[in-house]
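Structural features, examined
The lines below spell out each chain.
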Amino acid sequence: MKIYLGIGIIAIAGFLLVAADHIDAPAVSGGTSDITDFYAFQAEDTDNVVFVANLQGLLAPGATENAAFDENVLIEFNIDTDQDNVEDLVIQAIPRDGKMYFFGPAAPNSTGLNSIILTSATQSSVDISTRMTPVTEDNAGMKFFAGPRDDPFFMDFAQYSDIIAGNASGFDNPGSDTFAGSNVLSVVVEVPKSMVGGSGTVNTWVESKRKQ
Amino acid sequence: MKILNIKNTLTLIAIAALCFNCSNDDDFTPNTGGDGNNEPDFSGVYIQQDQMGRPAVNTVFVSSDSKNMFNTTIPSEQNADFQNMFQTNLEALSPAFANPGDMNALGQDAAAFTTLLATDVLNLSLDGTTTFYDGTNVLTGRALADDVITVELLLIFGGEDFSENPTLSNDNVDANDKPFLTSFPYLAAPW
């Protein structure tokens, strides 16, 4: 048992090297294209669903004012409506001069790793919120928000690190939320279900893409 | 000349006022182009850097030297490229999975569990409850309050009935540090 545990711990030294997707890979770690989390859930209005993309995690309150979305980074929500894990619809978000612009939901020009912005799709925008002043916008049956929020992710990452390091044999009870008191930059979109497949189950994911 | 200057100045002020109003217009009106409005530049090609479906998948199941590659592999190709790696890493992390017939609480052996996870998309039901796991519904979405890390720890370490390795299968942080909002934008205000 002890040996098994030891092997497991060594083999997975990278396990939860933070959390949901925070700093998950060297190429994006800590940068403006680093996605920390993705959520998709039914809205307060049960005819709608909500997509949330969080970026640039672990912002201390004092560092939050200086954190900004990168105008070279496109945030793209992907929706596969026919179960082949290829996107049939995208919702794009791109910041320009203090506003977050949104395009879609619409079929992409091409699927996969490269995107162009779908300027002929439904266009919406919202002023990027400051830390103290949230702004939301409605357009075409959708709702939009972009700006800093409390990081909704919660986990005792510190204790897990101790487990990995061999300094603890298990979690504490109660645990301690390593992400308490930290902020992220959030993009939140609420859309009618009728715009993203209508019924049944869809497959969703979020991407960050940098302008070449 | 002087009159012309005043006229020009007034015109400039009028234009400035108009522009000021435009920039504060809550109801953004898309520019149809060609009339000199300062429509932002949306041109160019954007190339993928990061992606995410389910929480913690890249972090947990992808080996260090493959994490960038996983982020730039389209979901429809992830199973072919990464399922073997996922299974190897799962069996290293939770050795019981290497025993024939060993399963998680979803009734999945190591191959089935990693086949599900290797394609890193978040399933979303458009027909009702959306949750990562709430005791009844499984993988119908991800709500803000879902304790996804404990669910994943349970599926990795908890065995067939969530009873194995109790000190590893729950981090005992069950909720966010701030309550979520019931209305848009749902996430709590920043600190």
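Note that the structure is a prediction, hence the values are computed from the model and not measured.

Broken down by element type, chain A carries 3 helices and 11 strands. When the backbone C-alpha atoms are referred to their principal axes, chain A occupies close to 60 × 40 × 40 Å. Expressed as a percentage of its 212 residues, the buried residues of chain A come to 53%. For chain A, the share of sequence-separated contacts (at least 6 apart) that also reach a separation of at least 24 residues comes to 54%.

Helix and strand counts for chain B stand at 6 helices and 2 strands. Along its sequence from the N terminus, chain B presents helices and strands in the succession α-β-α-α-α-α-β-α. The 191 residues of chain B split such that 38% are buried. Across chain B, every contact between residues at least 6 apart in sequence was considered, and the portion connecting residues at least 24 apart equals 43%.

Glancing now at the environment of Thr136 of chain B. Topologically, Thr136 of chain B is positioned in the loop between β2 (122-125) and α6 (148-157). It is 15 Å that separates the C-alpha atoms of Thr136 of chain B and Leu124 of chain B, two residues lying 12 residues apart in sequence.

Right, let's get into helix α4 (residues 75-93) of chain B. Across its 19 residues, α4 of chain B extends only 24 Å between first and last C-alpha, which sits more than 12% below the 27 Å expected from 1.5 Å per residue. Among the residues making up α4 of chain B, those that are buried are Pro75, Gln78, Phe82, Phe86, Gln87, Asn89 and Leu90 of chain B.

To continue, consider the nonpolar core. Ranked by internal contacts, the top residues of the largest apolar core, which has 53 residues, are Phe38, Ala53, Met100 and Val189 of chain A. At 7 residues, strand β2 (residues 48-59) of chain A tops the list of elements feeding residues into this core. Once you skip the residues sitting within four places of it in the chain, Val189 of chain A turns out to touch Phe51, Phe77, Ile91, Phe102, Met142 and Phe144 of chain A. Counting 34 residues, the second largest nonpolar core, distinct from the first, contains Ala56, Ala118, Tyr133 and Val173 of chain B.

An α-helix turns once per 3.6 residues; consequently, residues spaced three or four apart project the same way. All names here are of chain B. Buried within helix α5 (residues 110-118) are the following residues: Ala110, Phe113, Thr114, Leu117 and Ala118. The arc enclosing the buried residues of α5, seen along the axis, measures out at 125 degrees, which places them on a common side. In this fold, the buried residues of α5 make contact with α2 (57-61) and α4.

So, about the confidence of the model for chain A. Per-residue confidence for chain A gives a mean pLDDT of 90; residues scoring 70 or more make up 91%. Segment residues 1-18 of chain A is flagged for pLDDT under 50; beyond a separation of four residues in sequence, or across chains, it makes 28 contacts in the model.

On to the interface of chain A and chain B. Each partner contributes to the interface: chain A provides 97 residues, whereas chain B provides 69 residues. If one sorts the elements of the side of chain A that touches chain B by residue count, strand β11 (residues 201-211) of chain A sits on top with 11 residues. Looking at the side of chain A that touches chain B residue by residue, the class counts come to 43 nonpolar, 31 polar and 23 charged.

As a further point, take the sheet that holds β2 of chain A. All names here are of chain A. Overall, antiparallel pairing links the 5 strands, which are arranged β1-β2-β10-β9-β8 in an open sheet. The open sheet terminates on both sides in strands that have one partner only, identified here as β1 (35-42) and β8 (137-139). Put simply, the sheet's adjacent strands are angled 15 degrees from each other on average, direction ignored. Both β8 and strand β9 (residues 142-150) contribute to a ladder of 3 bridges, which runs antiparallel. Across the sheet, residue Asn139 finds its bridge partner in β9, namely Met142.

Conventions and cut-offs
- Counting restarts for each chain, with residues numbered from 1 along the sequence as it is written.
- For this description, chains carry letters from A and ligands carry numbers from 1, given in the order in which they are written.
- It should be noted that, the model being predicted, local features are given only for residues of pLDDT at least 70 and side-chain atom pairs only at 80 or more, the latter also being counted only at that level, while totals for whole chains, interfaces and linings use all residues.
- Under the scheme used here, helices are H or I runs from DSSP no shorter than 4 residues and strands are E runs no shorter than 2 residues, and both carry numbers assigned from the N terminus.
- Any residue surrounded by 20 or more other C-beta atoms within 10 Å of its C-beta is treated as buried, while 12 or fewer makes it exposed and the intermediate range makes it partly exposed; C-beta atoms here are placed from the backbone.
- Remark: residues whose backbone-derived C-beta atoms lie within 7 Å of one another are considered to be in contact.
- One fewer than the residue count of a helix, multiplied by 1.5 Å, yields its expected span.
- Any nonpolar core is a set of buried residues, restricted to Ala, Val, Leu, Ile, Met, Phe, Trp, Tyr and Cys, that join up through C-beta atoms within 7 Å.
- The arc in question is the one traced by the directions running from the helix axis out to the C-beta atoms.
- Scored between 0 and 100, pLDDT is the confidence that the predictor attaches to each residue.
- Lys, Arg, Asp and Glu make up the charged group, whereas Ala, Val, Leu, Ile, Met, Phe, Trp, Tyr, Cys and Pro make up the nonpolar group; the residues left over, Gly among them, are polar.
- Two strands form a pair only when DSSP identifies at least two bridges running between them.
- Axis geometry follows a simple rule: fit a line to the C-alpha atoms, using only the stretch in contact for helices, then measure angles between N-to-C directions, giving values from 0 to 180 degrees.

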